[in-house]
Each structure stands twice: as structure tokens, then as C-alpha cells.
Amino acid sequence: MSGNKEEEDPRIHGIKTKIRVVPDFPKKGIMFQDITTVLLDPKAFKDTIDLFVERYRDKNISVVAGIEARGFLFGPPIALAIGAKFVPLRKPKKLPGETIFEEYELEYGNDRLEMHIGAVEAGDRALVVDDLIATGGTLCAAINLLERVGAEVVECACVIELPELQGRQRLKGKPLCMLVEYR
Ligand SMILES: O=P(O)(O)OC[C@H]1O[C@H](OP(=O)(O)OP(=O)(O)O)[C@H](O)[C@@H]1O
Ligand SMILES: Nc1ncnc2[nH]cnc12
């Protein structure tokens, strides 16, 4: 699932057809990849989850870290199916407990990710889940958070990759699994 795999699994083509592309959102020049239209189709949504579950169920993953907000849609069902805990990586000032944070730049602004101290422990084997990788800044921040507390990041998983932004190069050598490329 990490290259262009439409030939490999017919479910991927079905998922791709459900992603809505909205030009100039949230600002001019951005081709926004809207996954809410995948969620409207139970088969496409289930196929998305199933593809990741099939990949990760035997990889001894102990924690799925989901990135706010859209990683919260895909991460929890994957975590439940593979028997891992789910840890939310949240935008600033949303988590009530003691946190650590990493700041990063986006295609259209700056942001910060926070994680509860104690949610992930040294030795945890982590899968990071989000809907999309663009510049890779968000996933890089997530990897840094997890590594700071001693977790091993096994892989990052996204539904969509924007390869022209070369986000993979910012993943500190961690593998990326994605389903759909948008060029
Ligand atoms: O690879 P990057 O350049 O870092 O961009 C990818 C991130 O951007 C989007 O989230 P966004 O920050 O728009 O937040 P949202 O999910 O809360 O809308 C997307 O869901 C990823 O998390
Ligand atoms: N083009 C895009 N579509 C959806 N989410 C994004 N996050 C960063 N770039 C994006």
C-alpha cells in the first residue's frame, strides 16, 4: 500500500473515487482533499480501515497515535481492531492533563501538537495515523513526541499523500504507508 497500489487492490480505487477535491480551500491555491465524503460511504470507509488493519494486525503495535482532527476518524477503529491503545495527539490547550508539545509549520500556517505525559511509555511500538501527508511537518512533530517518551515509531499511515510536497523526507527515515496519491 505504500506505492501506487490501485492495480494491487481494487478497494483502493473505490476509496479514491470518494475523496472530494475542493479547490482554493482554506485559501487560494490549495487543492483541499476532503475525506468527509469517504465517511459518507460505509463501504469505502470500511475498506480504508480494513486495509490498514490487514497491514498492522500482526506487527505487534501497542499504541496507535491519531492526529487531531482527521486522524481521530481513522485511528480509533484501527486501534480497536488490532488490539492497541489509542492516544490522541491534540492541537494546543485541548488536553487537560500534563503534556509535552512540538511546534510545526503547515501548508497554510503554523500549529502545535500536544500529547499527555504517561499515555505512551518507553518501549511502546507506535503507529501514527492521519488522513493526509502534505509537507510532513505534522507527522514529523508526532514522531518527535513519541520518540521523546521512548516509543519506537514503527510506521506512519495516511489515506492520502501529496507527493509533490515531499513530506516523506521529513519522517526521520520512518516508513509511510498511504493508499491514494494526489498529484
Ligand atoms: O503534512 P502537513 O503539511 O503537516 O499537513 C498535513 C496535516 O494538515 C491537515 O490537518 P490540519 O492541520 O489542516 O488540521 P485539521 O485536521 O484540524 O483540520 C491534515 O489533516 C494533516 O494533519
Ligand atoms: N491539500 C490539503 N488537503 C487537505 N488537508 C491538507 N492538509 C494540508 N494540505 C492539505
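Being a predicted model, the structure only gives us computed values, none of them experimental. (Residues numbered from 1 in each chain as written. Chains lettered and ligands numbered in written order. Predicted model: local features only at pLDDT ≥ 70, side-chain atom pairs only at ≥ 80, totals over all residues. Heavy atoms only, no water.)

*Asks:* Looking at this structure, I do not really get the packing of aromatic side chains. What am I missing?
*Replies:* Aromatic ring pairs are reported here in terms of the distance separating the ring centres and the angle at which the planes meet. Tallied over the entire structure, the rule returns four aromatic pairs. With a centroid separation of 6.5 Å and 20° between ring planes, the pair formed by Phe 52 and Tyr 56 is classed as stacked. With Phe 52 and Tyr 56 both in helix 3 (residues 42-56), this residue pair falls four residues apart, about one helical turn. Assigned by exposure class, Phe 52 and Tyr 56 land together as buried. Here the aromatic rings of Phe 72 and Phe 86 are separated by 6.1 Å at their centres, their planes lie at 85°, and the arrangement is edge-to-face. With Phe 72 in helix 4 (residues 71-82) and Phe 86 in strand 4 (residues 85-89), this pair connects stretches of sequence that are 14 residues apart. The exposure class of Phe 72 is partly exposed, given its relative accessible area of 25%. The class for Phe 86 is partly exposed, based on a relative accessible area of 27%. The cationic tip of Arg 112 hangs over the ring face of Phe 101; the distance from NZ or CZ to the ring centre is 3.5 Å. (Phe/Tyr/Trp six-rings, centres within 6.5 Å; stacked < 30°, edge-to-face > 60°. Helix = DSSP H or I, 4+ residues; strand = E, 2+ residues; numbered from the N terminus. Buried < 20%, exposed > 50% of the residue type's maximum accessible area, 1.4 Å probe, protein only. Lys NZ or Arg CZ within 6 Å of the ring centre and 35° of its normal.)

*Asks:* What exactly am I supposed to notice about the confidence of the model for the chain here?
*Replies:* In regions of low pLDDT, the predicted coordinates are not meant to be interpreted in detail. Put simply, the chain has an average pLDDT of 95, and 95% of its residues get 70 or more. Overall fold confidence (pTM) sits at 0.96, and the ipTM for the predicted complex is 0.98. (pLDDT = per-residue confidence, 0-100.)

*Asks:* Would you mind showing me how to read the environment of Val 22 here?
*Replies:* By the element assignment, Val 22 lies in strand 1 (residues 20-23). C-alpha separation for the pair Val 22 and Phe 32, spaced 10 residues apart in sequence, amounts to 4.9 Å. Each residue touching Val 22, except ones within four places of it in the same chain, is listed here: Ile 30, Met 31, Phe 32 and Asp 34. (Contact = heavy atoms within 4.5 Å.)

*Asks:* What's the story with the side chain of Glu 155 in this structure? I'm lost.
*Replies:* Within the secondary structure, Glu 155 sits in strand 8 (residues 152-161). At 2.5 Å, the side chain of Glu 155 and the side chain of Tyr 56 are in polar contact. Setting aside chain neighbours within four positions, we find Glu 155 in contact with Arg 55, Tyr 56, Ala 126, Leu 127, Val 128, Pro 175, Leu 176 and Cys 177. (Polar contact = N/O pair within 3.5 Å; in protein donor to acceptor, adjacent residues only side chain to side chain.)

*Asks:* Looking at this model, I keep getting lost on the nonpolar core. Mind explaining?
*Replies:* In globular proteins that are soluble, nonpolar side chains generally tend to be buried together. Counting 30 residues, the largest nonpolar core has Phe 52, Tyr 56, Ile 61, Val 64, Ile 78, Ile 82 and Leu 127 as its most contacted members. Secondary structure elements with two or more residues in this core: helix 1 (10-18), helix 3, helix 4, strand 7 (125-133), strand 8 and strand 9 (176-181). Examining the composition of this core, we find that six residues originate from one element, helix 3, more than from any other. (Core = buried A, V, L, I, M, F, W, Y, C linked by side-chain atoms within 4.5 Å.)

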